[in-house]
Amino acid sequence: MTPSEPAQTRTEDRPTRRAAGQTATLAEIAREAGVSAPTVSKVLNGRADVAPATRARVEELLRAHGYRRRRAEATRSPLIDLVFHELESAWAMEVIRGVENVARDAGLSVVLSESAGRLTPGRTWADQVAARRPHGVVLVLSGLDESQRALLTSRSIPFVVMDPAGDPGADVPSIGATNWQGGLAATRHLVELGHRRIGAISGPAQMMCSRARIDGYRAALETAGLPVEPGLIMTGDFHHETGYRLGRELLARPDRPTAVFAGNDLQALGCYEAARELGLRIPEDVSVVGFDDLPVARWVGPPLTTVRQPLTEMAEAAARLVLELGRSEEAPAATRVELATSLVVRTSTAAPPVA
């Protein structure tokens with residue numbers, strides 16, 4: 001090539017500008033890494049035939065150069081990746097249904113992954129996603145570490161967090177629900193019925209939705225001029241077994257509460273079981289409120305008063321957002337969407353028994 005000839009650099013191999021205003025080609029990144037340009041391309045495409053040390057070196061240089069493949073030129077598979085920290089219970093089925101609804105309309109399929117209880121998927125998962133090159137990733141009660149975010153960004157694979165466990169960051173698109181308002185509404189309902197000692201079984205302390213629901217519970221008590229008793233607040237894990245164990249602990253107390261606000265429906269149903277074993281009737285002896293409004297809530301006996309969290313709608317919104325981000329060439333704007341919760345009153349709540 002003569003000095004007068006224009007450089008023939010493929011646009012898909014052009015990284016974004018660095019702070020100094022310079023650009024670098026994949027060939028330059030390859031020279032820095034001491035490998036060939038095809039090797040860099042293999043790393044970008046998630047190929048398995050690259051040594052781990054070489055892959056790590058190339059990934060670090062791609063991050064340093066701020067490399068980002070142009071979305072219009074990135075070859076995508078007809079997939080949406082859906083990642084759960086735990087894949088169990090009817091709660092997950094509502095989320096899967098929502099993502100499937102959007103994927104089906106877009107002619108896409110859904111790939112399910114589980115991070116075995118971890119709030120961040122493992123590194124192997126990120127490599128597999130890079131190799132699949134889906135239209136986007138929806139993470140449920142999960143997040144990404146810095147290297148995983150950089151890897152997906154460099155491949156122009158958009159991602160959205162649904163119901164984030166912690167603060168996802170100002171630049172991470174996320175879909176949530178009005179958890180604080182839900183906790184407030186549930187507890188206010190019990191206060192208005194006349195309850196003055198109200199127990200609570202929260203979800204995991206490290207999850208933002210759990211903390212928001214309990215903060216709403218506290219706010220309702222404080223607004224009503226009632227004391228917030230730490231001994232009546234139990235920390236659970238959103239599982240039925242824990243609702244049973246902690247519910248039994250609360251209801252076996254000599255000064256037991258006359259009502260319990262459970263952080264989700266599964267823990268509320270566990271509390272039902274504890275009440276039955278202790279010979280307590282719902283709602284005559286103790287009122288119970290859940291959170292989620294899973295389909296089972298209306299069929300248990302008595303039907304469960306609960307806070308409806310629009311899980312299917314939240315999942316649909318997350319899937320639509322990730323597809324929108326995939327169609328845009330612009331960097332994703334900070335997007336935080338919260339869907340409204342609402343109290344659904346059934347027959348598991350009533351006025352407290354007369355002393």
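Residues numbered from 1 in each chain as written. Predicted model: local features only at pLDDT ≥ 70, side-chain atom pairs only at ≥ 80, totals over all residues. Heavy atoms only, no water.

1. Some words on helix α8 (residues 208–223)
The first and last C-alpha atoms of α8 sit 22 Å apart over 16 residues, in line with the 22 Å expected at 1.5 Å per residue. Of all the positions in α8, only C209, S210, A212, R213, I214, G216, Y217, A219, A220 and L221 are classed as buried. Tucked inside the fold, the buried residues of α8 contact α7 (179–193), β6 (198–202), β7 (233–235), β8 (259–262) and β9 (287–292). The first or second residue beyond α8 is G225, which carries a positive phi of 75°. (Helix = DSSP H or I, 4+ residues; strand = E, 2+ residues; numbered from the N terminus. Expected span 1.5 Å × (residues − 1). Buried < 20%, exposed > 50% of the residue type's maximum accessible area, 1.4 Å probe, protein only. Contact = heavy atoms within 4.5 Å.)

2. Section: unusual backbone geometry
Following I282, the chain continues to P283 via a peptide bond in cis, the omega torsion being 5°. Tracing the sequence through the fold places P283 in the loop between α10 (265–277) and β9. Phi at D163 is positive, roughly 50°, even though this residue is not glycine. Backbone geometry at D293 places phi at a positive 60°, although glycine is not the residue there. Within the fold, D293 resides in the loop between β9 and β10 (305–308).

3. As for a negative patch on the surface
Taken together, the side chains of E88, E114, D237 and E241 make up a negatively charged region of the molecular surface. Within the secondary structure layout, E114 lies in strand β2 (residues 109–114). (Patch = residues over 30% accessible without salt bridge, like charges linked within 9 Å, V, L, I, M, F, W, Y side chains within 5 Å. Areas by Shrake-Rupley, 256 points an atom, 1.4 Å probe, with all protein chains shown as cover. Salt bridge = Lys/Arg side-chain N within 4 Å of Asp/Glu carboxyl O. Lys, Arg positive; Asp, Glu negative; His and termini not counted. Charge placed at Lys NZ, Arg CZ, Asp CG, Glu CD.)

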